[in-house]
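Structural features, examined
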Amino acid sequence: TVGSRPGPPGGGGPPPRERVFALALRAAPADGPPRSLQDAETAAIVDALAPAEGGAGPRLLDWSFDTIALERVLGPAALPVVALAYLRSLPLLSSPSLPVQEARLARYLASVARGYRDVPYHTATHAADTLQACAYLHSRALLAGRAAAPAAGASPSSPWGLTDVEVLALIVGAAVHDVDHTGHNNAFHVATMSDLAVTYNDVSVLESHHCAVASRALRVAEHNFVADLEPGARRAFRDMLIAVVLGTDMAKHSEHVEQLKATVDAGVPLDLDNAADRRFLAQAALHAADVSNVCRPTETAAAWADRITAEFHAQGDEEKARGLPVTRFFDRAAPQLAKSQVGFIDFIVMPLFEAFGGLVDCAEPIAQLRENRAYWAERCAQAWRGWLLRQGRRGR
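So, here's what we can say about the structure. (Residues numbered from 1 in each chain as written. Predicted model: local features only at pLDDT ≥ 70, side-chain atom pairs only at ≥ 80, totals over all residues. Heavy atoms only, no water.)

When its secondary structure is counted, the protein chain shows 16 helices and zero strands. Each of the 396 residues in the protein chain was classed as buried or not, and the buried ones make up 53%. Once local pairs closer than 6 in sequence are excluded, the contacts in the protein chain between residues at least 24 apart make up 73%. Of the roughly 16,900 Å² that the protein chain leaves accessible, carbon and sulfur atoms contribute 54%. (Helix = DSSP H or I, 4+ residues; strand = E, 2+ residues; numbered from the N terminus. Buried < 20%, exposed > 50% of the residue type's maximum accessible area, 1.4 Å probe, protein only. Contact = heavy atoms within 4.5 Å. Areas by Shrake-Rupley, 256 points an atom, 1.4 Å probe, with all protein chains shown as cover.)

Here it is as structure tokens:
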């Protein structure tokens, strides 16, 4: 059954295919994936959740892990499958301090996956990709001298000294961080006085909505995997979940980067006994993971760029229809894909990853980010050369 445990805790093995597909059937629409267990591509994708050769760790923690490929065979079920594959690779779900019913957790994650809308970018696949990136970052040790010794209550599942309940909240937070996203940004909701903007008083509109949707899903008894936690642990779970999801609001980006830089520049180790320091680390990790698709291998990063551009253009069409100013890079009549990617890397993602890299080893994502920037810069140069050539022909 979906709720049975796969072998010894922390064994790092994948969930058996039958269990993966039992979960997938809960999350996927009837007319879409998953495919047959006998399908060769399906088998290969599910096997990608297996431990890497030589026992170095699950392939799920490879930076090159491709959730778009997983989407092709599992559809929205990619999200609960990735989440449970990672959680099962840790001793977390067997911890006496965390009496979580895994069957309820599986049902909860499947319901969350179904809660993502059919929009170009902010889908269950994006959530799975963010979760995998967050798991990758969380698997990296803090750099030497960047943190004092972890607290007595630190989880053996966390290189960062988070508690068991904080690790669970971080991973579940990654899963729910964009649930029921409308395909518009916060500025659009505020400008149009949408129901969500009115409900949340124009402040972190979407992020507040994602938290609310995630919390309502826990009201369903068969989904409430935290029901058996002690009241204090349930409170700690909710506090961390809200903090990390609200922390993905791009309005808080500069605050995250400046706090990271100040922490690194001060040279004072993080106090892992302090819940605020642990929460800050988790918030920064999920924010970095949320924007990390531009750091993926170039072909994968380009596929994500196409998806976000399609969503931007759809919003731009609505802005035109409503007589609103069209947001920069959202006008399909003036596409600037490569330029938008260079700007996003230069002003958002590179500063964030370089700052976070002062605490946690981010060498691989940063190296790939530099490679991708060069790729998009060359695309810009090609577009410029093409424009000059066309202008020259018109002048003849």
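Taken N-terminus to C-terminus, the directions of helix α4 (residues 78-88) and helix α6 (residues 124-139) make an angle of 15°; their axes are 8 Å apart at the nearest point. On the basis of their axis angle, the class for α4 and α6 is roughly parallel. Seen along the crossing, α4 lies across α6 with a hand that is left-handed. Side by side, α4 and α6 meet where Ala78, Leu79, Val82, Ala83 and Tyr86 of the first sit next to Ala124, Ala127, Ala128, Leu131, Gln132, Ala135 and His138 of the second. Per-class residue counts for the contact of α4 with α6 are ten nonpolar, two polar and no charged. (Axes fitted to C-alpha atoms, helices over the stretch in contact; angles between N-to-C directions. Parallel < 35°, antiparallel > 145°, perpendicular 65-115°, else oblique. Left-handed = near helix turned anticlockwise from the far one by under 90°. Nonpolar A, V, L, I, M, F, W, Y, C, P; charged D, E, K, R; others polar.)

Scanning the model with the defined rule gives seven aromatic pairs in all. Here the aromatic rings of Tyr121 and Trp304 are separated by 5.7 Å at their centres, their planes lie at 80°, and the arrangement is edge-to-face. Taken together, the positions of Tyr121 in the loop between α5 (102-115) and α6 and Trp304 in helix α14 (residues 298-321) put the pair 183 residues apart, joining distant regions of the chain. Both residues of the pair, Tyr121 and Trp304, belong to the buried class. Three or more aromatic residues joined by ring pairs make a cluster, and in this case those are Tyr108, Phe225 and Phe237. Cation over ring: Arg296 sits above Trp63, and NZ or CZ is 4.2 Å from the ring centre. The side chain of Arg307 reaches across the aromatic face of Trp304, ending 5.3 Å from its centre. (Phe/Tyr/Trp six-rings, centres within 6.5 Å; stacked < 30°, edge-to-face > 60°. Lys NZ or Arg CZ within 6 Å of the ring centre and 35° of its normal.)

Quick look at the pattern of salt bridges now. Here the idea is simple: oppositely charged side chains can pair when their charged atoms come close. Using the criterion set out here, one finds eleven salt bridges in the structure. The salt bridge partner of Arg235 is Asp239, with a shortest N-O separation of 2.9 Å. You can see Arg235 and its partner Asp239 sitting in helix α11 (residues 231-246), four residues apart, about one turn around the helix. What makes Asp239 partly exposed here is its relative accessible area of 33%. Here Arg370 and Glu354 are joined by a salt bridge, their closest N and O atoms 3.3 Å apart. Of the two residues, Arg370 sits in helix α16 (residues 363-394) while Glu354 sits in helix α15 (residues 337-356), which places them 16 residues apart along the sequence. Overall, Glu354 belongs to the partly exposed group, its relative accessible area being 40%. (Salt bridge = Lys/Arg side-chain N within 4 Å of Asp/Glu carboxyl O.)

This brings us to the environment of Asn372. Mapped onto the secondary structure, Asn372 falls in helix α16. Residue Asn372 is classed as buried on the basis of its relative accessible area of 0%. Put simply, Asn372 and Cys295 are 77 residues apart on the chain and 7.1 Å apart in space, counted from C-alpha to C-alpha. With residues near it in sequence (within four places) discarded, Asn372 still touches Val294, Cys295, Arg296, Pro297, Thr298, Ala301 and Ile345.

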